[in-house]
Structure formats: structure tokens, C-alpha cells
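Structural overview for review
Each chain, written out:
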Amino acid sequence: MNASKRALAAAVSTAVLLVGLVACGGSDSGDSASSSDNSAAGQSADDSQAAEGGAQAEGDEGGDAVETPLTGAAKQKAEAAALAAFPGTVVKSEKDAENPGTYAVEIKKADGSEVEVYLDPKTYKVLKTKDEAGDEG
């Protein structure tokens, strides 16, 4: 009887460990399964995440900051305000992690250069800008 209690305790602790491992690493394995199940949708989502991650890795020395894409009315207002100041094409718009409490809209101008426009999320006024070369204004 003592041996069966030890075996049960070992089985329970092993199960708890496995659940913990799955919970910690679930996002990586889930992304792989999701990508293989949804080939077209998964690929485009993975491609956009890779592109954003690559651009972010270049701009962030630490690389730990995660920037949340803007959606809905905030996205529309931020992009309209940025385009009013710098006509061109919106590349991306997000809550900026480098400058917490601001929105960042990246715009590709007609001459091919890119500018990042930082906006106040309440007034949508331009707070500062950063061009591709890293000069701030």
C-alpha cells in the first residue's frame, strides 16, 4: 500500500509538471499548430508579425518592448492626424513602447523616406517625429 501511494504521488507531481510546461510553452507550440492548420491566414499573420518584429528589433536595442497595434477609432484618428502633418502612406500605427503614453504612426512619404510621428492619444496632436535616419524633431 505504501508503494502505491508513492506511485500515485509521483504520477500526480509528474502531471502537474507537464501541465506547467505546456502552459509555459503553449504559445510556441500553439503558433506552430495554428500556422499549419490555417496555412493562408496563418502565413499572413506570421509574415506581418515577423515584419513588425524585424522593424522593432532594429529600433529597440533591448528588443523586449511589445507595441500594440492601434484599432478602431483610435487608429483612424491617429493615422488621419499623422497624414495631415506628413502626407504619404501609413506603414503601421501602434501604441508606442519606447514613449509610453503616446501613439506612433509610421508614414512612407512620396519621396520614399519614412517618418515616425508620435501623437498624444487624447488630442491627436503631434508631439515629436523621428525620421528613418534617427533625427528627432
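Residues numbered from 1 in each chain as written. Predicted model: local features only at pLDDT ≥ 70, side-chain atom pairs only at ≥ 80, totals over all residues. Heavy atoms only, no water.

Describing the packing of aromatic side chains
One pass over the full model with this rule turns up one aromatic pair. Their ring planes at 45° and their centres at 6.0 Å tell us that Y103 and Y124 sit as a pair that is tilted. Residue Y103 is found in strand 2 (residues 103-109), and its partner Y124 is found in the loop between strand 3 (114-119) and strand 4 (126-131); the two are separated by 21 residues along the sequence. With a relative accessible area of 18%, Y124 lands in the buried category. For the cation-ring pair, K128 lies above Y118, with the distance from its terminal atom to the ring centre recorded as 5.4 Å. (Phe/Tyr/Trp six-rings, centres within 6.5 Å; stacked < 30°, edge-to-face > 60°. Helix = DSSP H or I, 4+ residues; strand = E, 2+ residues; numbered from the N terminus. Buried < 20%, exposed > 50% of the residue type's maximum accessible area, 1.4 Å probe, protein only. Lys NZ or Arg CZ within 6 Å of the ring centre and 35° of its normal.)

A few points about the sheet that holds strand 3
Here four strands make up an open sheet; going across it, the order is 1-2-3-4 and the pairing antiparallel. Sheet topology places strand 1 (88-95) and strand 4 at the edges, where each strand pairs with a single neighbour. Taken pair by pair, the neighbouring strands of this sheet meet at an average axis angle of 20°, ignoring direction. Bridging between strand 1 and strand 2 involves seven bridges; their strand directions are antiparallel. Counterpart to V90 in the pairing with strand 2 is I107. Contacting strand 1, strand 2, strand 3 and strand 4, helix 3 (residues 72-85) crosses the sheet at an angle of about 45° to strand 2. (Pairing = 2+ DSSP bridges. Axes fitted to C-alpha atoms, helices over the stretch in contact; angles between N-to-C directions. Contact = heavy atoms within 4.5 Å.)

With respect to the environment of T129
Within the secondary structure layout, T129 lies in strand 4. T129 gets classed as buried once you look at its relative accessible area, which sits at 15%. Each C-alpha atom, one on T129 and one on L119, is 8.9 Å from the other, the two residues being 10 residues apart in sequence.

Structural notes on the pattern of salt bridges
What the rule picks out here adds up to four salt bridges. Two residues, K75 and E79, come together in a salt bridge whose shortest N-O distance is 3.1 Å. Here E79 and K75 lie together in helix 3, a separation of four residues that amounts to about one turn. The exposure class assigned to K75 is partly exposed, which follows from its relative accessible area of 31%. The buried category is assigned to E79, whose relative accessible area is 16%. In this structure, K92 engages E94 in a salt bridge whose closest nitrogen and oxygen atoms are separated by 3.9 Å. Residue K92 shares its accessibility class with E94, and that shared class is buried. Salt bridges here are not isolated pairs; linked through shared partners, they connect K92, E94 and E106. (Salt bridge = Lys/Arg side-chain N within 4 Å of Asp/Glu carboxyl O.)

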